Amino acid sequence: MTQVEALAKYAARASFADLSAESRRQLPIHILDSLGCCIAALGAGPIQACREQVAEFGGTGPCALIGGEQANPIYAAFWHTALVRYVDFMDNFLAPTETCHTADNFGVALTIADYVGAGGRDLMLGVALGYTVQSRLVDQANFMTSGFDHTTQLAFSHSAAAGRLMGLSERQIAHAIAMAAVSDASFAVVRAKPLSQWKGLASAQSALGAMNTLFMARRGVEGPLQVVEGPLGIDHLLRMKINIDWGKQGCEGVVESTIKKYNAMIHTQSAVHCMVELAKQNKLDPDKVVSIEAEVFQLAFDFAGGGIYGVDKVIRIKEQADHSLPYLLAVALLDGDVMPAQFKPDRIIKPDVQSLLKKVSVRPNHEFTEEYPKKMPAKIIVRLQDGRVIEHEVQDYPGLASRPFTWDDAVRKFDTLVAGRVDEGLSGEIKDAARTVENIQVKDLMKLLGSVKIGHGKPSSSKAA
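Residues numbered from 1 in each chain as written. Predicted model: local features only at pLDDT ≥ 70, side-chain atom pairs only at ≥ 80, totals over all residues. Heavy atoms only, no water.

Undergrad: Would you explain the overall build of the protein chain in this entry?
TA: Helix and strand content of the protein chain: 20 helices and 8 strands. The C-alpha atoms of the protein chain give a radius of gyration of 22 Å, which matches the 23 Å a tight globule of 465 residues would have. Contacts in the protein chain between residues far apart in sequence, at least 24 positions, make up 76% of those at least 6 positions apart. Accessible area of the protein chain: about 17500 Å², with a carbon and sulfur share of 51%. A distance of 2 Å separates the average location of the 48 positive side-chain charges in the protein chain from that of its 52 negative side-chain charges. (Helix = DSSP H or I, 4+ residues; strand = E, 2+ residues; numbered from the N terminus. Rg over C-alpha atoms; globule rule 2.2 N^0.38 Å. Contact = heavy atoms within 4.5 Å. Areas by Shrake-Rupley, 256 points an atom, 1.4 Å probe, with all protein chains shown as cover. Lys, Arg positive; Asp, Glu negative; His and termini not counted. Charge placed at Lys NZ, Arg CZ, Asp CG, Glu CD.)

In structure tokens, the structure reads:
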């Protein structure tokens, strides 16, 4: 049995009963977090381009869209994946040398659950499956260190989760995975500096491709089941043998995922948290700051501090700012937080943050690297004109898997993300639906989400749906 066939067998046999009590507790929290990210993305420039693409090519199919209207399931999955990813505020899975955005699986699970008329338990299972499959391929393979982006694993996780929700056979799911995996690999250079807008949309492209092959597999089209082990297959490209025992995997991916407290790339969370705490504890005049030094673990340095993915010398757009530790630490000191407001174009270009970020230096700390990913140490040193040196160090941040979000934490973040976009009544209904997701119908949830309108005008109301 190939890896693809073993994965398909695992997916086809997964059931809600496989979810642990802790998974059932955390899934509503992660679902609410994902919904908040989706709503916050509505109206952004690149997202508007996606919306126009869906309107032109997505038809008027059976799937409801967050933000209103309908589309076919292939383009609905594309739309919902773009939404959850774009603001870069969704959850992640962390391995010693690899990472992924587990919430990249949410849009597909939501769309297909709606498409098949599923209940909330099915949505929970789909989310759990997608998170678990992608996470296992992250911690037991080396895609990113071999030059592939972490969206590459979505060919496996999207197809497995959606195939299960659609009730496809093991064989159909296997062929869907094989076709997607052989065709939709993406490259890690999408994370390299200078960053582009595609960084926030690459996972939506993966969803588009995976859903297309899924429906082709349902029609009987077959793919290369030996895509992993075969000649010049994935094993060859990664220079290792992927040998995951899928028969022994549960559905606990969500329990291992971490939720972001700050609107910044995952590896910067503790450093940002460190700066926020330092700024709260010390009233600093930014004009009196001589330098800011940050010590972080290696991956944080590589992704956002000037390591192997380079450095954006000029920060001018959101995609650059949320992956730049100099910008993030500067704006955290100035504003006391890092949320979507810190990535508005007029905030990014302001002289105060543009001047301060030039005073930030970042270096890797070997001891911190040894502690990661169980801990996420960071240290900030601020030197002032009067000779004072202020230091602060943290070991983690609220949201790390070892310090998971509570429901109340998720509600506070959701309220911040949707403020000014939906009225309190609709916001309350969406939160209630997420909290009781195990007992709802997905179509009822989609009716609420369809009431959220694109743009920044008057908040949406469920009564206006």
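Undergrad: Would you explain the packing of helix H5 (residues 106-115) against helix H9 (residues 202-218) in this entry?
TA: Geometry of a packed helix pair, given as the angle between the helix axes and the separation of the axes. Contact geometry for H5 and H9: axes closest at 11 Å, N-to-C directions at 35°. Considering only the axes of H5 and H9, their crossing is right-handed. Facing H5, whose interface residues are Val-108, Ile-112 and Tyr-115, H9 presents Ala-207, Met-211, Phe-215 and Arg-218. Across the contact of H5 with H9, the residue classes tally to 6 nonpolar, no polar and 1 charged. (Axes fitted to C-alpha atoms, helices over the stretch in contact; angles between N-to-C directions. Left-handed = near helix turned anticlockwise from the far one by under 90°. Nonpolar A, V, L, I, M, F, W, Y, C, P; charged D, E, K, R; others polar.)

Undergrad: What am I meant to see in the pairing of strand S7 (residues 378-384) here?
TA: Side-chain positions along a regular strand alternate between the two faces of the sheet. Of all 7 residues making up S7, 6 are buried, and the element is well covered by its neighbours. By the bridge criterion, 7 bridges tie strand S5 (residues 289-296) to S7 in an arrangement that is antiparallel. Bridged to Val-289 within S7 is Leu-384. Pairing of S7 with strand S8 (residues 389-394), which is carried by 6 bridges, proceeds in the antiparallel orientation. Bridge pairing in S8 places Ile-380 opposite His-392. What sits between S7 and S8 in their antiparallel hairpin is a turn of 4 residues, with Gly-387 showing a positive phi close to 95°. (Buried < 20%, exposed > 50% of the residue type's maximum accessible area, 1.4 Å probe, protein only. Pairing = 2+ DSSP bridges.)

Undergrad: I tried to follow the sheet that holds S5 on my own but got confused; where do I start?
TA: The strands that make up a sheet pair up through hydrogen bonds in the backbone, lying either parallel or antiparallel. Reading across the sheet, the 4 strands line up as S6-S5-S7-S8 and stay open at both edges, with mixed pairing between neighbours. Single-partner strands in this sheet number two, and they are strand S6 (360-364) and S8. In this sheet, adjacent strand axes meet at a mean angle of 15° when their direction is disregarded. Across 5 bridges, S5 lies against S6 in parallel orientation. Following the sheet pairing, Ala-294 is matched in S6 by Val-362. Sitting on the sheet, helix H11 (residues 269-281) is in contact with S5, S7 and S8, with an inclination near 135° to S8. Each of S5 and S6 touches helix H12 (residues 298-305); the most contacted strand, S6, lies at about 140° to it.

Undergrad: I'm lost on the pattern of salt bridges in this one. Help?
TA: Side chains that differ in sign of charge can pair as their charged atoms come close. Enumeration according to the criterion identifies 27 salt bridges in this entry. Salt-bridge contacts for Lys-443 lead to Asp-114; the nearest nitrogen and oxygen are separated by 3.3 Å. Of this pair, Lys-443 sits in helix H20 (residues 442-450) while Asp-114 sits in helix H5, and the two are 329 residues apart along the sequence. For Asp-396, the salt bridge identified is with Arg-403, shortest N-O distance 2.8 Å. According to the relative accessible area criterion, Asp-396 is partly exposed, its value standing at 22%. On the basis of relative accessible area, Arg-403 is assigned to the partly exposed category, the value being 37%. (Salt bridge = Lys/Arg side-chain N within 4 Å of Asp/Glu carboxyl O.)

Undergrad: What's the story with the environment of Phe-301 in this structure? I'm lost.
TA: Among the structural elements, Phe-301 can be located in helix H12. Residue contacts for Phe-301: discarding those within four places in its chain leaves Val-296, Gly-306, Gly-307, Val-362, Arg-363 and Pro-364.

Undergrad: Explain helix H19 (residues 424-435) to me, please; I cannot follow it from the model alone.
TA: In an α-helix, one turn spans 3.6 residues; hence positions three or four apart end up facing the same way. For H19, which comprises 12 residues, the first-to-last C-alpha distance of 16 Å matches the rise-based estimate of 16 Å (1.5 Å per residue) to within 8%. Turning to H19, the residues buried within the fold contact helix H2 (21-41), helix H18 (407-418) and H20. The backbone nitrogen of Gly-425 lies 3.1 Å from a side-chain oxygen of the residue at the head of H19, namely Asp-423. (Expected span 1.5 Å × (residues − 1). Polar contact = N/O pair within 3.5 Å; in protein donor to acceptor, adjacent residues only side chain to side chain.)

Undergrad: Could you clarify how one ought to interpret the packing of aromatic side chains in this entry?
TA: Aromatic ring pairs: the centre-centre distance and the angle between the two ring planes describe each pair. If you walk through the whole model with that rule in mind, you get 7 aromatic pairs. When the ring of Phe-297 is compared with that of Tyr-372, the centres are 4.3 Å apart and the planes differ by 10°; the resulting orientation is stacked. Taken together, the residues span a long stretch of sequence, with Phe-297 in the loop between S5 and H12 and Tyr-372 in the loop between helix H17 (366-371) and S7 at a distance of 75 residues. For the residue pair Phe-297 and Tyr-372, the accessibility class agrees, reading buried in each case. Taking the ring centre of Trp-79 as reference, the NZ or CZ of Arg-51 above it sits at 5.5 Å. The lysine or arginine in question, Lys-261, covers the ring of Tyr-262, its NZ or CZ lying 5.7 Å from the ring centre. (Phe/Tyr/Trp six-rings, centres within 6.5 Å; stacked < 30°, edge-to-face > 60°. Lys NZ or Arg CZ within 6 Å of the ring centre and 35° of its normal.)

Undergrad: Any chance you could explain the packing of helix H7 (residues 154-165) against H9 here in plain terms?
TA: Following both chains from N to C, one finds H7 and H9 inclined at 50°, their axes separated by 9 Å at the closest point. By the angle between their directions, the pair H7 and H9 is classed as oblique. For the pair H7 and H9, the sense of crossing is right-handed. Contacts between H7 and H9 involve Leu-154, His-158, Ser-159, Ala-162 and Gly-163 on the former and, on the latter, Ser-203, Ser-206, Ala-207, Ala-210, Met-211 and Leu-214. Looking at the contact of H7 with H9 residue by residue, the classes come out as 6 nonpolar, 5 polar and no charged. (Parallel < 35°, antiparallel > 145°, perpendicular 65-115°, else oblique.)

Undergrad: What's the story with the nonpolar core in this structure? I'm lost.
TA: In this structure, Leu-123 and Phe-156 are the most contacted members of the largest nonpolar core, which totals 117 residues. Non-local contacts of Leu-123, meaning those with residues more than four positions away in its chain, are made with Ile-31, Ala-109, Leu-110, Ala-113, Val-437, Val-442 and Leu-445. (Core = buried A, V, L, I, M, F, W, Y, C linked by side-chain atoms within 4.5 Å.)

Undergrad: Please clarify how unusual backbone geometry should be interpreted in this entry.
TA: Most of the time, phi is negative for any residue but glycine, and the peptide bond is trans. Cis geometry is found at the peptide bond from Lys-193 to Pro-194, where omega equals 0°. Take Pro-194: it is sitting in the loop between helix H8 (170-183) and H9. In this structure, the amide linkage connecting Tyr-372 to the following residue, Pro-373, adopts the cis form with an omega of 10°. Looking at the secondary structure, you find Pro-373 in the loop between H17 and S7. In the Ramachandran plot, Asp-88 falls in the positive-phi region, its phi being about 60° despite a non-glycine side chain. By relative accessible area, Asp-88 is classed as buried at 0%. Phi is positive for Arg-239, close to 60°, though the residue is something other than glycine. In this structure, Arg-239 sits in the loop between helix H10 (234-238) and H11.

Any link to function would need more than the numbers given here.
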